[in-house]
Amino acid sequence: MNSHVAIAKDQGLRFPAFPVDGLSGASFKPEHFEAISADDEFSGFLEIHAENYMGDGGAPHRFLSAMRERFPLSLHGVCMSIGGLGDLDKEHLARFADLVRRYEPALVSEHLAWSTHDDVFLNDLLPLPYTSETLSRVCAHIDQAQEAIGRRILLENPSTYLLFEESTYAETDFLEEIVDRTGCGLLLDVNNVFVSATNHGASAMDYLAEFPLEHVGEIHLAGHAEQDDGEGHLLLIDSHDGQVADAVWKLYEILIGQCGPIPTLVEWDNDVPDWHVLKSEAAAARAILDRNAQTFLLGRRHA
Amino acid sequence: MPETEYEQAFRTAIHDPGTATPAGLASAFGGTPDKRFDVYRNNVTVSLVEALANTFPAVSRIVGEQRFADLARLFMSAHPPKSPLLFRYGHEFPAFIETFEPAATMPYLADIARLERAWLDAYHAADIAPLSPEALSAIAPEKLPAARFTRHPAAALVRSQYAAVTIFNANRQGQSGQRINAAIAENGLVTRPDIDVALHDISMSNAAFMAALMNGDTLTRAAELGAAADETFDLSAAIGLMLTTGALASVDA
């Protein structure tokens, strides 16, 4: 198998160049490999967390190669620590670049967040203050990442649970500045918009009105959980463990009505159900995309 | 809080639940952001406990979910992950278990963890074809005694004083009710000739032989060590095992 792969790669024929325009998709989980392999109906795209495929070989790459033969792929990085104060991990960037070369993803994205401090990895998407200092550093990191992988990346807006007193930019302004300075695109996570707006007593619609929508290359939808903040306010958690909330679907439908079809991915990372449940969530997004596609010119590009 | 200090403050507060919420953080509603910050503490801790439980499911099953979480939290404080690749996390976990007092009644536990860590390393190891019988038979007979081998990237050997392989299998396969004599020494050879990880329970003499070959000793030296371990050592059977398990990648003579 390896020799065939090497030959195909040299000829630039490794995988089909599937477009993702107008498509919806779902997170790819290895436990769904057989169900998806046997599924003749699904015609969307699949998204993986890049870090899960940074091992040298074995089943993960075998599964992913088989999926990539049939579907467009979105490569979603979770741990690059673009929002971190320290330098990006060059080894990690090289591994990321290898995955981009190997699997030729249709979409490549990362987060406005940090997860590594010094050499310690804190396994979460941690928040940063929005200041001119952090802006410069984030932009330098994105320049470095885009240079390393030879591609434009889409940067995702975070779910946040608290605010930094020192922040001087609104998140939407911060993102817009990043796009202007680096040429990156944006991954608009509508669940994150709803979660953060709720957590900070703000309006999700106002946030979307301020968001640089013309740079959005992908949308995320996901489920969230509810807690309270100990002070009598609802605190939403970006848990990725259930169906997309009705309020998030509503925001999404308004957004697609305004912007036209944008590739949309339904994330589900915890308490992962059977494949048919993820597939039906992706189908619900696709129905909204298709309904709105008719009102837009064919082939219109959004990012 | 100065801009350069918030990361250190987050890290300290996430790792030590007794630490106050970092300064400079706020809730939009006023009031304390403590429970909001706890979301981050919780996300980090719970996800790392889960990552360790995914890597060491037999250990978790043996000690129970709650005690495993306690053990995992202690381990995380002493050995926080240094890489975002969590499937590589926990190589220090087996040795750490040996220092975990509540596990002292289960002296085999560390070796179960060693097998589980080796199993996941094998699962992610590079796709390399194991040494073939043809490659071995291509070596001139007079050169064979001095031949040295390269370990296959997926191969690992855990030589245990306990019935580590039997206990591993029983707990990975969810068996219960069977009686296991933990005091019977077993040697677990982990390999992955193609895509599936395999665990072989091999004899003392074969373990001595394979360990020597995997460490780069000559075939002659490995055979001597095998014979020294157990008088029933059978060199041709051991060479057969070396080929069928896929523990070696190449030969150099």
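Attention now moves to the overall build of chain A. Summing up its helical and strand segments, chain A has 10 helices and 13 strands in all. Against the 2.2 N^0.38 benchmark of 19 Å for 303 residues, chain A shows a C-alpha radius of gyration of 19 Å, consistent with a compact globule. The C-alpha extent of chain A, read off along each of the three principal axes, is 60 × 45 × 40 Å. Relative to its full complement of 303 residues, chain A shows a buried share of 48%.

The secondary structure content of chain B amounts to 11 helices and 6 strands. Relative to the globule expectation of 18 Å for 253 residues, the C-alpha radius of gyration of chain B, 23 Å, shows a markedly less compact shape. Taking the principal axes of its C-alpha atoms as reference, chain B extends roughly 80 × 45 × 25 Å. Counting the 253 residues in chain B, one finds 40% classified as buried. Expressed as a percentage of contacts within chain B between residues at least 6 apart in sequence, the contacts between residues at least 24 apart total 65%.

Counting residues in each nonpolar core, the largest one holds 149 residues, and the members touching the most others are Leu155(A), Val190(A), Val266(A), Ile112(B), Ala164(B), Val190(B) and Met210(B). Of the residues forming this core, the biggest block, 9 residues, is contributed by helix α6 (residues 109–124) of chain B. Beyond its immediate stretch of four places on either side in the chain, Val190(A) contacts Ile219(A), His220(A), Leu221(A), Val248(A), Leu251(A), Tyr252(A) and Leu255(A).

Segments scoring low in pLDDT should not have their predicted coordinates read at a detailed level. A residue-level look at chain A finds 93% of positions with pLDDT of 70 or above and a mean pLDDT of 93. Of the regions scoring below 50 in pLDDT, residues 1–10 of chain A engages in 4 contacts with residues more than four places distant in sequence or in other chains.

As a measure of interface size, the accessible area lost when the parts come together is often cited. At the interface, 44 residues of chain B touch 42 residues of chain A. Of all elements in the fold, only α1 (6–15), β1 (25–26), α2 (34–55) and α6 of chain B reach the threshold of two or more residues within the side of chain B that touches chain A. Broken down by element, the residue count for the side of chain B that touches chain A peaks at 10 residues, all from α2(B). In terms of residue class, the side of chain B that touches chain A is built from 25 nonpolar, 10 polar and 9 charged. The pairing of strand β8 (residues 163–164) of chain A with β1(B) spans 2 bridges and is antiparallel. In the strand pairing of β1(B), Phe164(A) is matched with Leu25(B).

Our focus in this paragraph is the pairing of strand β1 (residues 24–27) of chain A. Judged from the 3 bridges that link them, β1(A) and strand β13 (residues 264–267) of chain A form a sheet pairing that is parallel. Directly across from Gly25(A), in β13(A), lies its bridge partner Leu265(A).

On to the environment of Ile184(B), then. Assignment of secondary structure puts Ile184(B) in the loop between α8 (164–172) and β4 (186–191). Counting along the chain gives 176 residues from Ile184(B) to Gln8(B), while the straight-line C-alpha distance between them is 48 Å.

Turning to the sheet that holds strand β5 (residues 198–202) of chain B, a few remarks are in order. Think of a sheet as strands paired side by side through backbone hydrogen bonds, with each pair either parallel or antiparallel. Residues and elements named next belong to chain B. Spatial ordering of the open sheet is given by β3-β4-β5, a layout of 3 strands whose pairing is antiparallel. For this open sheet the edge positions go to β3 (156–160) and β5, each flanked by a neighbour on one side alone. Going across the sheet, the axis of each strand differs from the next one's by a mean of 20 degrees, ignoring polarity. Relative to β4, β3 is paired through 5 bridges, and the arrangement is antiparallel. Its bridge partner lying in β4, Ser160 is registered against Glu186.

All names here are of chain A. Around the barrel, 8 strands lie side by side as β1-β2-β3-β4-β7-β9-β10-β13; this closed barrel has parallel pairing. Strand-to-strand twist in this sheet, taken as the mean axis angle between neighbours without regard to direction, amounts to 30 degrees. Two elements, strand β4 (residues 107–111) and strand β7 (residues 154–156), share 3 bridges in a ladder whose sense is parallel. Counted as the bridge partner of His111 is Glu156 from β7. Sheet strands touched by helix α10 (residues 275–293): β1, β10 (216–222) and β13. Its angle to β1, the strand with the most contacts, is close to 155 degrees.

Turning our eyes to something else, we now look at α1(B). Along α1(B), the positions that sit buried rather than exposed are Tyr6(B), Glu7(B), Phe10(B) and Ile14(B). The buried residues of α1(B) all sit within an arc of 100 degrees when viewed along its axis, so they share a single face. As for α1(B), its buried residues are in contact with β5 (114–117) and β6 (120–126) of chain A together with α2 of chain B.

Looking at chain B as a whole, the pLDDT averages 95, with 98% of positions reaching at least 70. Confidence estimates for the predicted assembly give a pTM of 0.93 and an ipTM of 0.93.

A word on the pairing of strand β2 (residues 45–49) of chain A. Residues and elements named next belong to chain A. Among the 5 residues of β2, 4 are classified as buried, and the element is accordingly described as predominantly covered. Relative to β2, β1 is paired through 3 bridges, and the arrangement is parallel. What sits directly across from Ala26, in β2, is Leu46. Strand direction decides the pairing type here: β2 and strand β3 (residues 73–76), joined by 4 bridges, are parallel. Across the sheet, His49 pairs through a bridge with His76, a residue of β3. The parallel pair β2 and β3 is bridged by helix α3 (residues 59–70), and the resulting crossover is right-handed.

So, on to unusual backbone geometry. All names here are of chain A. For Ser81, which is not glycine, the phi dihedral falls at a positive 65 degrees. Tracing the sequence through the fold places Ser81 in the loop between β3 and α4 (90–103). Overall, Ser81 belongs to the buried group, with 27 C-beta atoms counted inside 10 Å. The phi torsion at Asp271 lies on the positive side, around 45 degrees, for a residue other than glycine.

The rules behind each value
Residues numbered from 1 in each chain as written. Chains lettered and ligands numbered in written order. Predicted model: local features only at pLDDT ≥ 70, side-chain atom pairs only at ≥ 80, totals over all residues. Helix = DSSP H or I, 4+ residues; strand = E, 2+ residues; numbered from the N terminus. Rg over C-alpha atoms; globule rule 2.2 N^0.38 Å. Buried ≥ 20, exposed ≤ 12 C-beta atoms within 10 Å, placed from the backbone. Contact = placed C-beta atoms within 7 Å. Core = buried A, V, L, I, M, F, W, Y, C linked by C-beta atoms within 7 Å. pLDDT = per-residue confidence, 0-100. Nonpolar A, V, L, I, M, F, W, Y, C, P; charged D, E, K, R; others polar. Pairing = 2+ DSSP bridges. Axes fitted to C-alpha atoms, helices over the stretch in contact; angles between N-to-C directions. Arc of directions from axis to C-beta. Right-handed = clockwise from strand over helix to strand, strands pointing away.

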